[in-house]
Amino acid sequence: MEILAFGVQADEKPLIERAFADHHPTRTLDVFLNTDTAPIAAGHEIVSTSVNCDLGADVLSNLAAGGTRMVAQRSTGFNNVDLDVAERLGITVARVSAYSPYSVAEFAWTLAMAVNRRIVRASTRTRDFDFRLDGLMGRDLHGRTAGILGTGKIGEAFARIAHGFGMRLLGWDVAENPACRELGMTYVPKEQLLAESDLVSLHVPLLPSTRHLIDATALKSMRDDAILVNSSRGGLVDTAALVDELRAGRFTGVGLDVYEAEAGLFFLDKSLEAVDDDTLARLVTFPNVLVTSHQAYYTVDAVTQIVATTVDNVLDYTAGRRSENVLVPRS
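All values reported here derive from a predicted model rather than from experimental measurement. (Residues numbered from 1 in each chain as written. Predicted model: local features only at pLDDT ≥ 70, side-chain atom pairs only at ≥ 80, totals over all residues. Heavy atoms only, no water.)

1. Observations regarding the overall build of the protein
Condition: Numbering of helices and strands runs from the N terminus, with a helix taken as a DSSP run of H or I at least four residues long and a strand as a DSSP run of E at least two residues long. Here the radius of gyration uses the C-alpha set of atoms, whereas the globule reference equals 2.2 Å times the residue count to the power 0.38. Only protein chains enter the calculation, and the probe is 1.4 Å; a residue is then buried if its accessible area is under 20% of its type maximum, exposed if over 50%, and partly exposed in between. When charges are counted, Lys and Arg are positive and Asp and Glu negative, with His and the chain ends excluded. To locate a charge, the coordinates of NZ of Lys, CZ of Arg, CG of Asp or CD of Glu are taken.
Helix and strand content of the protein: 12 helices and 13 strands. Relative to the globule expectation of 20 Å for 331 residues, the C-alpha radius of gyration of the protein, 21 Å, shows essentially globular dimensions. Its C-alpha atoms give the protein principal-axis dimensions of roughly 60 × 50 × 35 Å. Within the protein, buried positions represent 52% of all 331 residues. Each charge class in the protein was averaged separately, 31 positive and 43 negative side chains, and the resulting centres sit 4 Å apart.

Structural data, given as structure tokens:
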């Protein structure tokens, strides 16, 4: 049985091929699964997808018509999958429920430090042999307050790094993490966290209840000189409202590894095209904003774990087993 994998990055391809080598032949595609590419999957019982693939009703119906019975998602997030439709069509869906939390937490800190210390601007200057320090002044984070929205495994890893910096820790979550408590974290309402934090980092899943968790009201409640980092899901932040605040001259820095309208943009080369997303086009013009293309997870350690779990999910499906990674069980 050949596995068809969509949205495979060049660095990811050999890892996938090696992981499946002893189990199933694998065909990898750099294109993402959507209504245009779904017909390619005809005749493949199992397809593997990335987080920016479209697994809405139309695509799932096309897959089912072509004989697909299992989708192995290579990510923790699954907001791109219509699970109700998948269940109705009899398509099993599995995801990677966990992988290295350090990859994302460390990258979130990379964004925070880059905007705080003006690294991109400094690097651009020195390439032009401009060695002035004007406009490059940052702040010590030691003694300041880190507010962490979402204190699961990634949030905890981020908190441990913040603790190493000597920061005061505030947390918000539906359930408290005892390990974060041991670090000295105080759990407070979201409104208090936003009002008191010098650095706010988002580590919650995208659900209907968390969509635009950071909306216009939340942004206005933050300190004018705060740093905002989002390495979780783009839909957590109301980007249009964020642009309005940035235009007003607020925030020391904003680091975004995700964007709420990233599908069809991120992971692709759009450098020779006119991007018609006015919000994103405006966002990247601000000198205190750093946008990266959903790469926080992208370490050899994390991707190796993601691929290994994907293989296990496929083997569980073929053997009729069910694990905690299954979102829609085999019918």
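2. Quick word on the side chain of arginine 233
Here is the rule: Basic side-chain nitrogens of Lys or Arg form a salt bridge, by our definition, when they fall within 4 Å of a carboxyl oxygen of Asp or Glu. Here, two residues are considered to be in contact whenever any of their heavy atoms come within 4.5 Å of each other.
As for its position among the elements, arginine 233 is in the loop between β10 (227-230) and α10 (239-247). For the buried arginine 233, no salt bridge exists, and the shortest N-O distance to an oppositely charged side chain is 6.8 Å, to glutamate 262. With sequence-adjacent residues up to four places away left out, arginine 233 is seen in contact with Val51, Thr76, Gly77, Asn79, Leu206, Val258 and His294.

3. Digging into the sheet that holds β10
We count it as follows: In short, DSSP must find at least two bridges between two strands for them to pair. Angles here are taken between N-to-C directions and fall from 0 to 180 degrees, while the axes themselves are lines fitted to C-alpha atoms, restricted in helices to the stretch in contact.
Judged by pairing direction, the sheet is parallel, and its 7 strands sit side by side in the order β8-β7-β6-β9-β10-β11-β12 without closing on themselves. At either end of the open sheet lies a strand with only one pairing partner, and these are β8 (186-187) and β12 (289-291). Here 3 bridges tie strand β11 (residues 253-256) to β12, and the two strands are oriented parallel to one another. Each residue of the ladder has a partner; that of valine 254, found in β12, is valine 289. The strands that helix α4 (residues 101-116) touches are β9 (199-202), β10, β11 and β12; relative to β10, the one it contacts most, it runs at about 150°.

4. Some remarks on the packing of α4 against helix α6 (residues 153-165)
The condition is simple: Each angle gets one of four labels, with under 35 degrees taken as roughly parallel, over 145 as roughly antiparallel, 65 to 115 as roughly perpendicular, and the rest as oblique. Each helix crossing is assigned a hand: it is left-handed if the near helix lies turned anticlockwise from the far helix by less than a right angle, otherwise right-handed if that turn is clockwise. Lys, Arg, Asp and Glu make up the charged group, whereas Ala, Val, Leu, Ile, Met, Phe, Trp, Tyr, Cys and Pro make up the nonpolar group; the residues left over, Gly among them, are polar.
Contact pair α4 / α6: the axes reach a minimum separation of 8 Å and the direction vectors enclose 50°. Relative to α6, α4 is oriented oblique. At the point where α4 passes α6, the crossing takes the right-handed sense. Across the interface between the two elements, Pro101, Tyr102, Val104, Ala105, Glu106, Ala108, Trp109 and Met113 of α4 pack against Lys153, Ile154, Ala157, Phe158, Ile161, Ala162 and Phe165 of α6. Residue composition of the contact of α4 with α6, by class: 13 nonpolar, no polar and 2 charged.

5. A closer look at the nonpolar core
The condition is simple: Nonpolar cores are built from buried Ala, Val, Leu, Ile, Met, Phe, Trp, Tyr and Cys residues. Side-chain atoms within 4.5 Å join them into one set.
Core analysis: the largest hydrophobic core is formed by 47 residues, its most contacted members being Trp109 and Leu199. Where this core is concerned, the elements lending two or more residues are β1 (3-5), α1 (13-20), β4 (70-73), α4, β6 (145-149), α6, β10 and α12 (300-319). Those residues in contact with tryptophan 109 that lie beyond four places of it in its chain are Leu141, Phe158, Ile161, Ala162, Phe165, Met167 and Leu199. Ranked by size, the runner-up nonpolar core spans 32 residues in total, among them Leu202, Ala218, Leu242 and Val289.

6. Quick notes on α12
To keep things clear, this is the line we draw: Here, expected helix span is obtained from the residue count minus one, scaled by 1.5 Å.
An ideal rise of 1.5 Å per residue puts 28 Å on 20 residues; α12 measures up with 28 Å between its terminal C-alpha atoms. All buried positions along α12 are accounted for by Ala302, Val303, Ile306, Val307, Thr309, Thr310, Val311, Asn313, Val314, Asp316 and Tyr317. The inward-facing, buried residues of α12 contact β1, α1, β3 (46-49), β4, β5 (92-94) and α4. Of the residues trailing α12, glycine 320 is marked for its positive phi of about 75°.

7. Some remarks on the UniProt feature "domain: D-isomer specific 2-hydroxyacid dehydrogenase NAD-binding" (unreviewed entry) in the protein
What counts, and what does not: UniProt positions are given in the numbering used here, feature names are shortened, and annotations may be inferred rather than shown by experiment.
What UniProt calls "domain: D-isomer specific 2-hydroxyacid dehydrogenase NAD-binding" (unreviewed entry) maps, in this numbering, to residues 110-296. Overall, residues 110-296 shows 33% helix and 14% strand. The separation of its end C-alpha atoms is 9 Å.

8. Considerations on the environment of aspartate 257
Quick reminder of the rule: N or O atoms within 3.5 Å of each other form a polar contact, as long as, within protein, one can give a hydrogen and the other can take it, and as long as residues adjacent in sequence are counted only when both atoms are side-chain atoms.
Of note, aspartate 257 is situated in the loop between β11 and α11 (278-283). Assessed through its relative accessible area of 0%, aspartate 257 is described here as buried. Taking C-alpha positions, aspartate 257 is 9.7 Å from valine 104, a pair spaced 153 residues apart along the chain. Beyond its immediate chain neighbours, meaning those up to four positions away, aspartate 257 contacts Phe107, Leu111, Asn230, Ser231, Phe266, Thr292, Ser293, His294, Gln295 and Ala296. Polar contacts involving the side chain of aspartate 257 include one to the main-chain amide nitrogen of glutamine 295, which spans 2.8 Å.

9. Here's the deal with the UniProt feature "domain: D-isomer specific 2-hydroxyacid dehydrogenase catalytic" (unreviewed entry) in the protein
UniProt feature "domain: D-isomer specific 2-hydroxyacid dehydrogenase catalytic" (unreviewed entry): in the numbering of this structure it lies at residues 9-327. Note that residues 9-327 is 36% helix and 13% strand, and that its end C-alpha atoms are spaced 24 Å apart.

10. Structural notes on the sheet that holds β3
Read across the open sheet, the 6 strands follow the order β2-β1-β3-β4-β5-β13; overall the sheet is mixed. The sheet is open, and its two edges are formed by β2 (26-28) and β13 (326-328), each paired on a single side. Averaged over all pairs of adjacent strands, the angle between their axes in this sheet comes to 20°, without regard to strand direction. One ladder, built from 3 bridges, connects β1 with β2; its direction is parallel. In the sheet register, isoleucine 3 faces β2, and the bridge partner there is threonine 26. Across the sheet, α12 is in contact with β1, β3, β4 and β5; its angle to β4 comes to roughly 160°.

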